[in-house]
Amino acid sequence: MEFLRGRRTYRRFLPKPVPEAVLRDALEAARIASCGANRQTLKYVLVQTPSVVAEMNRLVRWAAFLPPEQGQPKAGETPTAFIAVFQDESLPGVNDTDAGLALGSLTAAAWGHGVGSCILGAIDRPAIKTLLGLDKQTRLRLHSVVALGYPAHKSRVVPMQGDDVRYYLDENRDYCVPKRAMKDVLLGEF
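A quick note: this is a predicted structure, and the numbers were derived from the prediction, not measured.

What counts and what doesn't
Residues numbered from 1 in each chain as written. Predicted model: local features only at pLDDT ≥ 70, side-chain atom pairs only at ≥ 80, totals over all residues. Heavy atoms only, no water. Core = buried A, V, L, I, M, F, W, Y, C linked by side-chain atoms within 4.5 Å. Buried < 20%, exposed > 50% of the residue type's maximum accessible area, 1.4 Å probe, protein only. Helix = DSSP H or I, 4+ residues; strand = E, 2+ residues; numbered from the N terminus. Contact = heavy atoms within 4.5 Å. Disulfide = S-S within 2.5 Å. Phe/Tyr/Trp six-rings, centres within 6.5 Å; stacked < 30°, edge-to-face > 60°. Lys NZ or Arg CZ within 6 Å of the ring centre and 35° of its normal. Pairing = 2+ DSSP bridges. Axes fitted to C-alpha atoms, helices over the stretch in contact; angles between N-to-C directions.

Draft legend 1. Representation of the nonpolar core in the model. Counting residues in hydrophobic clusters, the biggest one holds 27 residues, and the most contacted among them are Val60, Trp62, Phe82, Leu120, Ile128, Leu132 and Val145. With 4 residues, the single largest contributor to this core is strand E4 (residues 140-149). Residues contacting Ile128, with those up to four places away along its chain left out, are Met56, Leu59, Val60, Ile123, Leu142 and Val145.

Spelled out as structure tokens, the structure:
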């Protein structure tokens, strides 16, 4: 459980590139993840060239609950890699459950190497597809991108106060992520 408690979302990173072997390990975890009826409808693009990473960084939005000066990575804190996750709509059975399983496996594998991640859905999909040379591929729908890098902050689960789900930064600029108590999510036991 401690592994999963630490595998939180990270939004500020050290300026240290993630080795390609680690990125490929994360991709392998996504590739072999469980999926409904073994459909395997997901495709990936690995972005690690610094100039393309910098371009990609301009096309994503960070930390909706925080003011930009707190949630947006500053210079020297940006991710060093991204993985774009596409759903191939020419294949039968495309669904978000399979994407969620793959994303969970990818981010867990990265965390196993000490690499933090942030799954981003607030992204400029058309611009990213163009950047990656896939704008003419109508069968490919960009689901999300995953920012990757070595964390420059801590992130921890904290008890929820009332019904406030908004994450926040503590005095050290570390992320505090409120979670509902077990008594509030467990509907019953039989």
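Once you've had a look at it, read on.
Draft legend 2. Structural view of the state of the cysteines. Per the counting criterion, the structure on display carries 0 disulfides. No disulfide involves Cys118; its sulfur sits 16 Å from the nearest other cysteine sulfur, which is in Cys176. Residue Cys118 is classed as buried on the basis of its relative accessible area of 4%.

Draft legend 3. Inspection of unusual backbone geometry at higher detail. Backbone geometry places Asn38, a non-glycine residue, at a positive phi of 55°. Locating Asn38 in the fold gives a position in the loop between helix H2 (20-31) and strand E1 (42-47). For Asn38, a relative accessible area of 54% translates into the label exposed.

Draft legend 4. Structural view of the packing of aromatic side chains. Considering all chains together, one arrives at 3 aromatic pairs under this definition. Their ring planes at 45° and their centres at 6.2 Å tell us that Tyr167 and Tyr175 sit as a pair that is tilted. For the pair shown, Tyr167 and Tyr175 are each scored as buried. Ring pairing ties together the aromatic residues Phe65, Tyr167 and Tyr175, which thus form one cluster. Taking NZ or CZ as reference, Arg11 lies 4.5 Å from the ring centre of Tyr167, over its face. Looking at Lys16, its charged tip hangs above the ring of Tyr150, at a distance of 4.3 Å from the centre.

Draft legend 5. Region of interest: the sheet that holds E1. In spatial order, the strands read E1-E2-E4-E3; together these 4 strands make up an open sheet with antiparallel pairing. Two strands close off the open sheet at either side, each with one partner strand: E1 and strand E3 (116-120). Across the sheet, the mean angle separating the axes of adjacent strands is 25° when strand polarity is ignored. Sheet analysis places E3 next to E4, joined by 5 bridges and oriented antiparallel. Pairing of Cys118 across the sheet is with Ala147, part of E4. Sitting on the sheet, H2 touches E1, strand E2 (81-88) and E4, and the angle it makes with E1 is about 170°. The strands touched by helix H3 (residues 50-58) within the sheet are E1, E2 and E4, with E2 carrying the most contacts at an inclination of about 65°.

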